[in-house]
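Geometric and topological summary
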Amino acid sequence: MSEWHSSGPCDALSVTRLTARHGSSRQVTEYPGSADAGRSGSDPWERQDVMTLRWLITGCSSGLGLALARAAADAGHRVLATARRPSALDPLAAAHPARVVAARLDVRDADQCAAAVRLAVDGFGGLDVLVNNAGCGLFGTVEETSDEELRDQLEALVVGPWRLARLVLPLMRAQGSGHILNVSSIAGRTGFPGLAGYITAKHALEGLTQALATEAAPFGIRVTALEPGPFTTSFGAKAAETRARIPAYEEITRQTREGVQGLADDPSLGRPAEFAELVLRVVAAPPADTPVRIPVGGPAHATIAAVEDAARQELRQARALSTT
Ligand SMILES: NC(=O)c1ccc[n+]([C@@H]2O[C@H](COP(=O)([O-])OP(=O)(O)OC[C@H]3O[C@@H](n4cnc5c(N)ncnc54)[C@H](OP(=O)(O)O)[C@@H]3O)[C@@H](O)[C@H]2O)c1
């Protein structure tokens, strides 16, 4: 028995499972590894093909996570799609009864993280791909953001992904393979005014990715930070506000706020399906061809190229200062 399985049986977890036999959503509370887990030829828990990968994706209720879960299932993979409100996943699960299992997961909740990973591992018999996608924004400057608000951003955007990575690593090390993808942002590579907690958290997620990539590579585990630029999702509409608002920052932060709030309405921005397509290509690529950090979308490439030019200039300035 692997060290993973010695951790004991899965807690009962409320799971929305769809089967071909039922053809519609049914809420069940069960231990998915148990004999009564309802196996059939079209059961998502059943291994269907050696090329089928087993995915766990967070934040699948909308946007990039939903598009990725859909695309992975369309491509024949099996997906544990998770969301804070599993009912939001009903249409996805209904469209892919043989490929998608839906489960509740708020990544800030340690017990739910452990239960979701156990569910994937016990049900699928392993896990090949973890996508830490869940995320939410918080409008506010450093001065406006309270300790509690900062902690909440860090819980969702850093501690949750870190915890999920820690939970899947023993299994991936035992398998000698696996891929952990962290959905970062161009906000993980640069700073702009008015989203201070989010930018801080995405930079930390990049740090987690870089550290883990070096630690996990010897075990055959790939780690990737995906860095989207603007994509058309409900991210801006769902973003919260700091309780404190300081009028002096209003003008300074206006452009950020308007840009993020307008994400859902701008058809010229990236489409979630394009994001999903790229992620499938990245996962399928040979490890040697996969950089640790991958900007996603044309604007992200342009922004990050500019960031790197500025960093080179900064280094020249710093060198000049330190040598005079
Ligand atoms: N759209 C962009 O332009 C853009 C650019 C760069 C990076 N990103 C990143 O892309 C990722 C996906 O965002 P999106 O654009 O697809 O926005 P979205 O449509 O708002 O999706 C975000 C998802 O994360 C979930 N979520 C938020 N907090 C969570 C938590 N504590 N636990 C579990 N799930 C949680 C949301 O669930 P609920 O429905 O429960 O809120 C939703 O399913 C995020 O990490 C975001 O930072 C987006």
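Above this text is the structure in question.
So, here's what we can say about the structure. (Residues numbered from 1 in each chain as written. Predicted model: local features only at pLDDT ≥ 70, side-chain atom pairs only at ≥ 80, totals over all residues.)

**What about the overall build of the protein?**
This is how it is decided: The helix and strand labels rest on DSSP assignments: H or I over at least four residues marks a helix, E over at least two residues marks a strand, and numbering proceeds from the N terminus. Around each residue's C-beta, the other C-beta atoms within 10 Å are counted; 20 or more make the residue buried, 12 or fewer make it exposed, and counts in between make it partly exposed. All C-beta atoms are placed from the backbone.
On a plain count of helices and strands, the protein comes out with nine helices and 11 strands. Split into buried and exposed, the 324 residues of the protein put 45% on the buried side.

**Quick look at the site of the ligand**
Short version of the rule: Near, for a residue, is defined by distance from a backbone-placed C-beta atom to a molecule or strand, with 6 Å as the limit that must not be exceeded. Ten residues, namely Ala, Val, Leu, Ile, Met, Phe, Trp, Tyr, Cys and Pro, are considered nonpolar, four, namely Asp, Glu, Lys and Arg, are considered charged, and the remaining ones, Gly among them, are considered polar.
The environment of the ligand is made up of 30 residues, and the closest members are Gly59, Gly63, Ala134, Gly135 and Thr233. Where the shell around the ligand is concerned, the elements lending two or more residues are α1 (63-74) and α6 (235-238). Top element by residues in the shell around the ligand is α1. It accounts for three residues. Class assignment for the residues of the shell around the ligand results in 14 nonpolar, 11 polar and five charged.

**Here we look at helix α4 (residues 147-175)**
Basically, it comes down to this: Multiplying 1.5 Å by the helix residue count minus one yields the expected span of that helix. Two axes are fitted around each residue, one to the seven residues ending there and one to the seven starting there, and the angle between them is reported as the bend at that residue.
In this model α4 runs 40 Å from its N-terminal to its C-terminal C-alpha over 29 residues, within 8% of the 42 Å that 1.5 Å per residue would give. By the largest-angle criterion, glutamate 155 marks the main kink of α4, which is about 45 degrees. One or two steps after α4, the chain reaches glycine 176, where phi turns positive at roughly 75 degrees.

**Regarding the nonpolar core**
The nonpolar side chains of a soluble globular protein tend to be buried, and buried together. Definition in use: Here, a nonpolar core denotes buried Ala, Val, Leu, Ile, Met, Phe, Trp, Tyr and Cys residues that are linked to one another through C-beta atoms within 7 Å. Think of it this way: build a C-beta for each residue from its backbone, and any pair within 7 Å is a contact.
With 75 residues, the main nonpolar core has Leu68, Ala69, Leu80, Ala81, Ala116 and Val168 as its most contacted residues. It is α4 that provides the largest number of residues to this core, a total of 10 residues. Ignoring anything within four residues of it in the chain, the contact list for alanine 69 reads Ile57, Cys60, Val79, Ala81, Leu92 and Val100.

**Considering the pairing of strand β5 (residues 100-104)**
This is how the line gets drawn: A pair of strands is treated as paired once DSSP finds two or more bridges between them.
The buried fraction of β5 amounts to five of the five residues, a majority that puts the element mostly inside the structure. Burial along β5 is two-sided: Val100, Ala102 and Arg104 facing one way and Val101 and Ala103 facing the other are all buried. Sheet analysis places strand β4 (residues 78-83) next to β5, joined by five bridges and oriented parallel. For alanine 83, the partnering residue across the bridge sits in β5 and is arginine 104.

**Describing the packing of helix α3 (residues 110-124) against α4**
Definition in use: Axis lines are fitted to C-alpha atoms, over the contacting stretch for helices. Their N-to-C directions set the angle, which ranges from 0 to 180 degrees. Crossing handedness: left-handed means the near helix sits turned counterclockwise from the far one by under a right angle, and right-handed means the same turn made clockwise.
Across the interface, α3 lies against α4 with an axial gap of 10 Å and an inter-helix angle of 35 degrees. Viewed along their axes, α3 and α4 form a crossing whose handedness is right-handed. Contact residues: Ala110, Cys113, Ala114, Val117 and Val121 in α3; Gly160, Arg163, Leu164, Leu167, Val168 and Leu171 in α4.

**Some remarks on the pairing of strand β8 (residues 178-183)**
Applied cut-off: Consider the strands pointing away from the viewer: the crossover is right-handed when the path from the first strand over the helix to the second runs clockwise.
Most of β8 is tucked away: six of the six residues are buried. Side-chain alternation along β8 places Gly178, Ile180 and Asn182 on one buried face and His179, Leu181 and Val183 on a second face that is also buried. By the bridge criterion, six bridges tie β8 to strand β9 (residues 221-228) in an arrangement that is parallel. Each bridged residue has a counterpart across the sheet, and for asparagine 182 the counterpart in β9 is alanine 225. Once the chain exits β8 it traverses helix α5 (residues 196-216) before rejoining the sheet at β9, and the crossover so formed is right-handed.

**Focus on α3**
The first and last C-alpha atoms of α3 sit 21 Å apart over 15 residues, in line with the 21 Å expected at 1.5 Å per residue. Restricting attention to buried positions, one finds in α3 the residues Cys113, Ala115, Ala116, Val117, Arg118, Leu119, Ala120, Val121, Gly123 and Phe124.

**Let's talk about the environment of proline 287**
Position of proline 287 among the secondary structure elements: in the loop between α8 (272-284) and β11 (293-296). Overall, the presence of 11 C-beta atoms within 10 Å leaves proline 287 in the exposed class. Residues proline 287 and valine 223 lie 64 residues apart in sequence; the distance between their C-alpha atoms is 9.7 Å.

**Some thoughts on the environment of alanine 211**
Note on placement: alanine 211 falls in helix α5. C-alpha separation for the pair alanine 211 and valine 223, spaced 12 residues apart in sequence, amounts to 9.4 Å.

**Observations regarding the packing of α1 against α8**
For clarity, the threshold we go by: Orientation labels follow simple angle bins: below 35 degrees gives roughly parallel, above 145 gives roughly antiparallel, 65 to 115 gives roughly perpendicular, and whatever is left gives oblique.
Put simply, α1 and α8 touch, their axes get as near as 8 Å, and they point 55 degrees apart. When the axes of α1 and α8 are compared, the pair comes out oblique. Here the hand of the crossing between α1 and α8 comes out right-handed. In this structure, α1 uses Gly63, Leu64, Leu66, Ala67, Leu68, Ala71 and Ala72 to contact α8, whose residues at the interface are Pro272, Ala273, Phe275, Ala276, Glu277, Val279 and Leu280. Its residues placed into classes, the contact of α1 with α8 shows 12 nonpolar, one polar and one charged.

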